[in-house]
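# Residue-level structure breakdown
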Amino acid sequence: MGNTRLQSIHVHPVKAFRALAPGRAVVEPWGLAGDRRWMLVDDRGKVVTQREQPRLALAAAELLPGGGIRLSAPGRTPLTVPVPQPAETVPVEIFRDKVEAVPARDDAAHAWCSAYLGARVRLVHLDEPATRRPVDPRYALPGETVSFADGYPLLLTTTASLDALNSLIAEGRHAAEGPLPMNRFRPNLVVSGTAAWAEDGWSRVTVGEVAFRVAKPSGRCVVTTTDQHSAERGKEPLHTLGRHRRIDGKLVFGQNLVPLGPGTIRVGDPVTIAE
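For the structure given in this document, a descriptive report is provided here.

## Re the overall build of the chain
- Secondary structure summary: the chain contains three helices and 19 strands in total.
- Its C-alpha radius of gyration of 18 Å places the chain within 12% of the 19 Å reference for a compact globule of 275 residues.
- Dimensions of the chain, computed from the C-alpha atoms along their principal axes, are close to 50 × 40 × 35 Å.
- The 275 residues of the chain split such that 53% are buried.
- Intrachain contacts of the chain at a sequence separation of at least 6 include 69% that bridge at least 24 residues.
- Working note: accessible area of the chain is about 12,200 Å², and carbon and sulfur atoms make up 51% of it.
- Taking the average place of the 34 positive charges on the side chains of the chain and the average place of its 29 negative ones, the gap between the two points comes to 3 Å.

## Brief notes about the packing of aromatic side chains
- Counted by the stated rule, this structure contains four aromatic pairs.
- Ring centres 6.4 Å apart and planes at 70 degrees place the aromatic pair tyrosine 139 and tyrosine 152 in the edge-to-face group. Of this pair, tyrosine 139 sits in the loop between strand 11 (122-125) and strand 12 (154-158) while tyrosine 152 sits in the loop between strand 11 and strand 12, and the two are 13 residues apart along the sequence.
- The rings of Phe185, Trp197 and Phe253 are connected pair by pair, giving a single aromatic cluster.
- Against the face of tyrosine 116 rests arginine 55, its NZ or CZ located 4.1 Å from the ring centre.
- Directly above the ring of tyrosine 139 sits lysine 216, whose terminal nitrogen or CZ lies 5.4 Å from the centroid.

## So, the side chain of aspartate 136
- Residue position: aspartate 136 is located in the loop between strand 11 and strand 12.
- Among the polar contacts made by the side chain of aspartate 136, one reaches the side chain of arginine 138 at a distance of 2.7 Å.
- When near neighbours in sequence (up to four residues on either side) are disregarded, aspartate 136 contacts Arg96 and Tyr152.

## Thoughts on unusual backbone geometry
- The omega torsion of the bond from glycine 178 to proline 179 falls at -10 degrees, within 30 degrees of zero and hence cis.
- Here the residue pair glutamate 236 and proline 237 is connected by a cis peptide bond, since its omega of 15 degrees sits within 30 degrees of zero.
- One can find proline 237 in the loop between strand 15 (210-219) and helix 3 (238-244).
- Within the chain, phenylalanine 95 stands out as a residue other than glycine whose phi angle is a positive 60 degrees.
- Locating phenylalanine 95 in the fold gives a position in the loop between strand 9 (90-94) and strand 10 (97-103).
- For phenylalanine 95, a relative accessible area of 32% translates into the label partly exposed.
- Positioned with a positive phi, alanine 231 is a non-glycine residue whose angle comes to about 70 degrees.

## Quick look at the sheet that holds strand 3 (residues 31-32)
- One open sheet holds the three strands; their spatial order is 3-2-18, and the pairing between them is antiparallel. One side of each edge strand has no neighbouring strand; the edge strands of this open sheet are strand 3 and strand 18 (263-266).
- Note that strand 2 (residues 24-28) and strand 18 share four bridges and pair antiparallel. Across the sheet, alanine 25 pairs through a bridge with isoleucine 265, a residue of strand 18.

## Observations regarding the sheet that holds strand 9
- Read across the sheet, five strands follow the order 5-4-11-10-9 without closing on themselves; strand pairing throughout is antiparallel. Of all strands in the sheet, those bounded by a partner on one side alone are strand 5 (47-48) and strand 9.
- Each of strand 4 (38-41), strand 10 and strand 11 touches helix 1 (residues 107-117); the most contacted strand, strand 11, lies at about 130 degrees to it.

## Regarding helix 2 (residues 159-170)
- In this model helix 2 runs 16 Å from its N-terminal to its C-terminal C-alpha over twelve residues, within 8% of the 16 Å that 1.5 Å per residue would give.
- Burial in helix 2 covers these residues: Thr159, Ala160, Ser161, Leu162, Ala164, Leu165, Asn166 and Ile169.
- Along its buried surface, helix 2 packs onto strand 1 (5-9), strand 12, strand 13 (189-192), helix 3 and strand 17 (250-259).

## Side note on the pairing of strand 14 (residues 204-207)
- Sheet topology note: the strand 14/strand 15 ladder contains four bridges and is antiparallel. Across the sheet, valine 207 pairs through a bridge with valine 210, a residue of strand 15.
- In sequence, strand 14 turns back onto strand 15 through a hairpin of two residues, with glycine 208 there showing a positive phi of about 60 degrees.

## Observations concerning helix 1
- Every buried residue of helix 1 is listed here: Ala109, His110, Trp112, Cys113, Ser114, Tyr116 and Leu117.
- The elements touched by buried residues of helix 1 are strand 4, strand 7 (69-73), strand 8 (76-81), strand 10 and strand 11.
- Two or three places before alanine 108, at the opening of helix 1, aspartate 106 has a side-chain oxygen 2.9 Å from that residue's backbone nitrogen.
- Among the residues trailing helix 1, glycine 118 stands out with phi positive, at a value near 70 degrees.

Parameters and conventions
Residues numbered from 1 in each chain as written. Predicted model: local features only at pLDDT ≥ 70, side-chain atom pairs only at ≥ 80, totals over all residues. Heavy atoms only, no water. Helix = DSSP H or I, 4+ residues; strand = E, 2+ residues; numbered from the N terminus. Rg over C-alpha atoms; globule rule 2.2 N^0.38 Å. Buried < 20%, exposed > 50% of the residue type's maximum accessible area, 1.4 Å probe, protein only. Contact = heavy atoms within 4.5 Å. Areas by Shrake-Rupley, 256 points an atom, 1.4 Å probe, with all protein chains shown as cover. Lys, Arg positive; Asp, Glu negative; His and termini not counted. Charge placed at Lys NZ, Arg CZ, Asp CG, Glu CD. Phe/Tyr/Trp six-rings, centres within 6.5 Å; stacked < 30°, edge-to-face > 60°. Lys NZ or Arg CZ within 6 Å of the ring centre and 35° of its normal. Polar contact = N/O pair within 3.5 Å; in protein donor to acceptor, adjacent residues only side chain to side chain. Pairing = 2+ DSSP bridges. Axes fitted to C-alpha atoms, helices over the stretch in contact; angles between N-to-C directions. Expected span 1.5 Å × (residues − 1).

Now the structure itself:
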């Protein structure tokens, strides 16, 4: 696997919004710098994602110096949202985790997001990622924390496994839906030059100068059936994953990573594997 390389990097400034694809990224203990430090919550403080609102796939957020964002979406005038200054936090819920977060200080941000979705939501920021949200203790080492990502600091996928999955889709009942692009899986790191499904056996990955621990396979949900360019839903890849990639009761594609140290990664970096 001497040709194994980092093919692309993906950063999601707002959870569930469209990804950015920078040529380089700083790795922090809780994930890539700027990744999923913002998210939407409903009136009860529960996270809102593409699971409930597929149209979030069409919304984008540009990262600004200092951690602020510039929101854009179809039919909406772009809006700049600064990082809220230290202020009172509010409790929010992201799946099973209860976390303290800081609401955007300008009501215009909440109104902008609510108007786009046609539902009342608030935009919140994770001010202290080093302390606010521990990684699932069943798969964590002491002190590991995570941003507003689903559960782990980074998600890695491989081009070979996507090719293999698309071949399986082409043989199945919903072949017309394929081939699927990698953005269905919303990864942070995409690696090329491996064998299909090789990542199932990895325990440690080094990308350029940065080492990562492989925590567990990534169980997939309905978001993967959402076309990230149209927000329309289909049956794939869950139908095919259910037939061919069911591991410990989960439909698996990709691996969750935890950084073992800080550093900077770049597209084209060599990737070395420990199995």
